[in-house]
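Summary of the model geometry
Residue-level listing of the chains:
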Amino acid sequence: MRHISPVLSLFLILSCSTDQLDGEGTLDAFTDDIEVVPDNVIACAASNENDDLISVFLYPRDGAANIQYFETETTDVDKNDLKEYRPKSAPIKDVFNGYLKKFEVSLATDRWVIIAFDEGGKRHLSNPIRIKQQTKPTEYLPQNISVDSSSTMPNFTWQDGAYSDTKIYFQVVSDSAENLLSGTYTFERNFQYYDLENVVLNITKNNPSALKSGNSYGFSLLAVSEDNWVNQFSSVSFTIE
């Protein structure tokens, strides 16, 4: 996510409701009287590089509406108990021109977060996200990315930073206008555009545009832990030779 001031959002501009709840009720009440689909929103969170806010990224699939943010008061709760989560009103912003979105929230302590949205008459929830800005701030390490741009199918490799518990890597290739061309996940520390051989999850819509010689692009990487906290954020620009 190039030029973002902070996995697994990961989008077209959607007609999503911004009428957010704020402090009233619980996530358990919010899911009453509607079919709930757990673990079906792609989301993760990172501490920002240049301010004290937390960015909670999500992928709002086409048709997603009524996007809501919920958090616990502490981490010393059952992360799967929806009664522990209360709504919080927070700004929601476009990322990659709306392909992804993010909440920007101010949190003084670590806690658990769940993102919810409505789609197809059902209420979809993310996995619980462990906020760790106090205990494990996200590393910003662009130097950990290597790019072989000698062909129109560039190859990207990277190294982990100080944290050893990354479980999955989210990669975005974008054009010079910040449009997302591909969004993919791998377990391995490499990705070739647009080769899906080692891709375990793909949020790319349709076949992406072919890269062109002489054009500049961006590559963004999120290294995500099992509890959906971004250990490492890296972003670099490259030009196809």
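Residues numbered from 1 in each chain as written. Predicted model: local features only at pLDDT ≥ 70, side-chain atom pairs only at ≥ 80, totals over all residues. Heavy atoms only, no water.

**Here's the deal with the domain arrangement of the chain**
Selection rule: Where each domain begins and ends is defined by an automated method or by a domain database. Between two residues, a contact is recorded if the distance between any of their heavy atoms is within 4.5 Å. For this document, the term salt bridge refers to a Lys or Arg side-chain nitrogen within 4 Å of an Asp or Glu carboxyl oxygen. Polar contacts here mean pairs of N or O atoms no more than 3.5 Å apart (in protein, one a potential hydrogen donor and the other a potential acceptor; neighbouring residues in sequence count only if both atoms are side-chain atoms). Helix and strand definitions follow DSSP, with helices as H or I runs of at least four residues and strands as E runs of at least two, each counted in order from the N terminus.
Along its sequence, the chain is carved into domain 1 (36–131) and domain 2 (139–240). When each unit is reduced to the centre of its C-alpha atoms, the spacing between domain 1 and domain 2 is 22 Å. If you look at the interface, domain 1 gives 22 residues, while domain 2 gives 20 residues. Inspection of the region where domain 1 meets domain 2 yields one salt bridge. The salt bridge partner of D62 is K205, with a shortest N-O separation of 2.9 Å. Where domain 1 meets domain 2, there are 11 residue pairs in polar contact (both at pLDDT 80 or more). Looking at the side of domain 1 that touches domain 2, the elements that each hand over two or more residues are strand 2 (43–47), strand 3 (53–58) and strand 10 (129–130). A total of five residues in the side of domain 1 that touches domain 2 trace back to one element, the largest contributor, which is strand 2.

**Focus on the sheet that holds strand 11 (residues 139–140)**
Using the following cut-off: When DSSP finds two or more bridges between two strands, those strands count as paired.
One open sheet accounts for six strands, arranged 11-19-18-14-15-17; its pairing is mixed. Strands with a single pairing partner mark the edges of an open sheet, and in this sheet they are strand 11 and strand 17 (199–202). In this structure, strand 15 (residues 180–186) lies alongside strand 17, joined through three bridges in antiparallel fashion. Looking at strand 17, one finds that Y185 is bridged to L201.

**A word on the environment of D81**
Structurally, D81 can be placed in the loop between strand 4 (65–71) and strand 5 (86–87). Measuring from C-alpha to C-alpha, the distance between D81 and N231 comes to 25 Å, with 150 residues separating the pair along the chain. Within the local environment of D81, its side chain forms a polar contact with the backbone nitrogen of K83, the two atoms lying 3.0 Å apart.

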